[in-house]
Amino acid sequence: MERTQRPWAALWALVIGFFMILVDTTIVSVANPAIITGLNTTIESVLWVTSAYLLAYAVPLLITGRLGDRFGPKNLYLIGLALFTVSSAACGLSSDITMLIVARVVQGLGASMMTPQTMAVITRIFAPDKRGAAMGLWGATAGVASLVGPILGGVLVDGFGWEWIFFINVPVGIIAFVAAVRYVPALATHRHRFDIVGVILSAAGMFLLVFGIQEGQSYEWGQIWGPISVWSLIITGVVVLIAFVVWQRFTRSEPLVPLRLFRDRNFSLGNTVITAVGFAIISMSLPLIFYLQMVRGLTPTESALMLVPMAVISGVLAPFVGRLIDHINPRLVATAGMVCCAVSLTWYAAVLTPDQPIWILLLPSAVMGLANSAMWGPLATMTTRNLPPALAGAGSGVYNTTRQVGSVLGSASISMLMQARLATELPGHEGSSGSDAAGLSGELPEFLHAGFSAAMGQALLLPAALAIVGAIATLFFAKPKPIAAAWSPPSPSPKA
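Residues numbered from 1 in each chain as written. Predicted model: local features only at pLDDT ≥ 70, side-chain atom pairs only at ≥ 80, totals over all residues. Heavy atoms only, no water.

- With an unreviewed UniProt entry as reference, the protein is termed DHA2 family efflux MFS transporter permease subunit, source organism Paramicrobacterium chengjingii.
- Listed under Subcellular location (unreviewed entry) in UniProt, the entry text for the protein is "Cell membrane". (UniProt positions renumbered as here; feature names shortened; annotations may be inferred.)

Rendered as structure tokens:
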């Protein structure tokens, strides 16, 4: 059997592109005011710059994971990377908001093609006893990217203009493409009969659910058009997804998502925990950044730099954690990471006061860095360790879909809770409730600082609670199965 000679080179090649697409899920947040001014548009329109990307990213993940099994993860990754890079240039060249939103949709489609392939390749080219270190690097990339986005966005917007948050992807994308062509192996494909009904049901259900959750706040959880309401979309999405699961159970064709994946306890638990992680990490930044800018008067770049301890500690420790979990039960590390996440968020909630010394806020940031280094890699390792190669793409698609849905849920939920707490802490003040809360800008008058800080701190208790739920779930992970001595890396595709 011909073996994959350079698995680490392949992984680094994939990590470049993976890092880029995850940064793009958060980098736009600090650029929204500049985009509004530059394209002469409205807040409602500019929110679609992020919403369109997340929708196009999340909805196809189940399908693109399976396509990687059928046509090869390398091929799907390269096509997605090309789409992402070209559409990034189109984003930066956009002359109006409509062009920018359309380009972001294409970006999201490219990202959805790339993401499942990264985990699928790791699962197939690394032996189980070496996979922890590889997943550690993958986890460090996921954790650091979500934190680097606002920092990099602030620097680029302040220094060069909003267009450069997209232009920066072009040279990075070219480098990632060349590296992937050279180092990522063309793995053997697995012939599948494509489940057309499953594709339609999963895409429709995911779109209705994600769109309803993501845009609910924009429509104040009421009517969208005529008889169509936000809640009718969400409920219909859930019903369609239930129909999808039933179809997967009884279809005589090959299912899009083989339900036998969930017979593995660790796969089922891992998807539960990564949903909580996606929820907590995405939702924490919004109240924190609002507090830093509107109460403490920091610039976008300065407020983003308050997250540097998270990014640095996570990036430094994650590779060591990866090597560690090849030798001990990854459950222990994952549980510690989730507990650190809950501690960090609770600590933040306690110290968000108007007169808090600014350096104190670096301490929970450092604890969150410990959490990130200990969550992502061990969770991915425990979840995917027992997947057979033929199901690596499908399993990766499910895992990344649940992570993305958790992120969307976190984003929508934290917005609702922030507005509810503002209405309580700043009663009767304009902008303290409803959609006006999202429109607050600039540093607040001093007499509002205490109430606003309290509202932001209280909102952070929600992701802290989700982190605790995730920590409890990790306690039920089964001990990893013994590694088969006969395992060997897969042979390349005959087309390679």
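That covers the picture; the talk isn't over yet.
**Describing the overall build of the protein**
Then comes step 1: The number of helices and strands found in the protein is 19 helices and 2 strands.
Then comes step 2: Looking at the protein residue by residue over its 496 residues, the buried ones come to 58%.
Then comes step 3: Within the protein, residue pairs in contact and separated by at least 24 positions form 85% of the contacts whose partners lie at least 6 positions apart.
Then comes step 4: Carbon and sulfur atoms provide 68% of the accessible area of the protein, an area that totals close to 19,700 Å². (Helix = DSSP H or I, 4+ residues; strand = E, 2+ residues; numbered from the N terminus. Buried < 20%, exposed > 50% of the residue type's maximum accessible area, 1.4 Å probe, protein only. Contact = heavy atoms within 4.5 Å. Areas by Shrake-Rupley, 256 points an atom, 1.4 Å probe, with all protein chains shown as cover.)

**A few points about helix H2 (residues 32-39)**
Then comes step 1: Those residues of H2 lying buried are Asn32, Ile35 and Leu39. Along H2, the residues classed as buried sweep out an arc of 55° about the axis, all on the same side. Among the exposed residues of H2, those pointing more than 90 degrees away from its buried face are Pro33, Thr37 and Gly38. (Arc of directions from axis to C-beta.)

**A short note on the packing of helix H5 (residues 73-92) against helix H9 (residues 169-183)**
Then comes step 1: Here H5 crosses H9 at 165°, and the two axes come no closer than 9 Å. Here H9 runs roughly antiparallel to H5, going by the angle between their axes. Read as a crossing pair, H5 and H9 show a hand that is left-handed. From H5, Lys74, Tyr77, Leu78, Leu81, Ala82, Phe84, Thr85, Ser88 and Ala89 reach across to H9, where they touch Asn169, Val170, Gly173, Ile174, Ala176, Phe177, Ala180 and Val181.
Then comes step 2: Classifying every residue of the contact of H5 with H9 by side-chain character gives 12 nonpolar, 4 polar and 1 charged. (Axes fitted to C-alpha atoms, helices over the stretch in contact; angles between N-to-C directions. Parallel < 35°, antiparallel > 145°, perpendicular 65-115°, else oblique. Left-handed = near helix turned anticlockwise from the far one by under 90°. Nonpolar A, V, L, I, M, F, W, Y, C, P; charged D, E, K, R; others polar.)

**Some thoughts on the environment of Pro445**
Then comes step 1: Note on placement: Pro445 falls in the loop between helix H17 (392-425) and helix H18 (449-459).
Then comes step 2: With a relative accessible area of 39%, Pro445 lands in the partly exposed category.
Then comes step 3: Placed 150 residues apart in sequence, Pro445 and Val295 show a C-alpha to C-alpha distance of 8.4 Å.

**Some points on a nonpolar patch on the surface**
Then comes step 1: Residues Val339, Val343, Trp347, Ile358, Trp359, Leu362 and Leu363 make up a contiguous nonpolar surface patch of roughly 590 Å² in combined accessible area.
Then comes step 2: Contributing elements (two or more residues each) for the nonpolar patch: helix H15 (330-351) and helix H16 (362-384).
Then comes step 3: The greatest single-element share of the nonpolar patch, amounting to 3 residues, is contributed by H15.
Then comes step 4: Within the fold, Trp347 resides in helix H15. (Patch = residues over 30% accessible without salt bridge, like charges linked within 9 Å, V, L, I, M, F, W, Y side chains within 5 Å. Salt bridge = Lys/Arg side-chain N within 4 Å of Asp/Glu carboxyl O.)

**Section: unusual backbone geometry**
Then comes step 1: In this structure, Asn40 takes a positive phi of about 50° despite not being glycine.
Then comes step 2: Within the secondary structure, Asn40 sits in the loop between H2 and helix H3 (43-58).

**Re the pattern of salt bridges**
Then comes step 1: Scanning the entire structure with this criterion turns up 2 salt bridges.
Then comes step 2: Arg421 is the salt-bridge partner of Glu425, the closest N and O atoms lying 3.8 Å from each other. Placement of both Glu425 and Arg421 in helix H17 is noted, with a separation of 4 residues, approximately one turn of the helix.
Then comes step 3: The class for Glu425 is partly exposed, based on a relative accessible area of 28%.

**As for the environment of Thr26**
Then comes step 1: Mapping Thr26 onto the fold places it in the loop between helix H1 (7-23) and H2.
Then comes step 2: C-alpha of Thr26 to C-alpha of Ile282: the two residues are 256 residues apart in sequence and 8.4 Å apart in space.

**Here we look at the nonpolar core**
Then comes step 1: Counting 108 residues, the largest nonpolar core has Ile35, Leu100, Val277, Met375, Leu379, Phe452 and Met456 as its most contacted members.
Then comes step 2: The biggest single contributor to this core is helix H12 (residues 265-294), with 12 residues.
Then comes step 3: Residues in contact with Val277, not counting those within four places in the same chain, are Met338, Met375, Trp376 and Leu379.
Then comes step 4: In terms of nonpolar packing, the next biggest core, distinct from the first, is built from 17 residues, Val59, Val230, Val240 and Val408 among them. (Core = buried A, V, L, I, M, F, W, Y, C linked by side-chain atoms within 4.5 Å.)

**Notes on the side chain of Asn266**
Then comes step 1: Along the chain, Asn266 falls in helix H12.
Then comes step 2: When its relative accessible area of 4% is taken as the criterion, Asn266 is described as buried.
Then comes step 3: When sequence neighbours within four positions are dropped, the list of residues in contact with Asn266 reads Met382, Thr383, Phe477 and Ala478.

**Some remarks on the packing of H1 against H9**
Then comes step 1: Following both chains from N to C, one finds H1 and H9 inclined at 155°, their axes separated by 9 Å at the closest point. Viewed along their axes, H1 and H9 adopt a mutual orientation that is roughly antiparallel. The element H1 and its partner H9 pack so that their crossing is left-handed. Judged by residue contacts, Ala9, Ala10, Ala13, Ile16, Gly17 and Met20 of H1 engage Asn169, Val172, Gly173, Ile175, Ala176, Ala179, Ala180 and Tyr183 from H9.
Then comes step 2: Considering only residue class, the contact of H1 with H9 consists of 11 nonpolar, 3 polar and no charged.

**A short note on the packing of aromatic side chains**
Then comes step 1: Evaluation of the coordinates by the stated rule reveals 6 aromatic pairs.
Then comes step 2: Their ring planes at 70° and their centres at 5.2 Å tell us that Phe262 and Phe267 sit as a pair that is edge-to-face.
Then comes step 3: By relative accessible area, which is 35% here, Phe262 ends up partly exposed.
Then comes step 4: Clustering of aromatic rings is evident, with ring pairs tying together Phe160, Trp164 and Phe167.
Then comes step 5: Sitting over the face of the ring of Phe250, Arg249 holds its NZ or CZ atom 4.9 Å from the ring centroid. (Phe/Tyr/Trp six-rings, centres within 6.5 Å; stacked < 30°, edge-to-face > 60°. Lys NZ or Arg CZ within 6 Å of the ring centre and 35° of its normal.)

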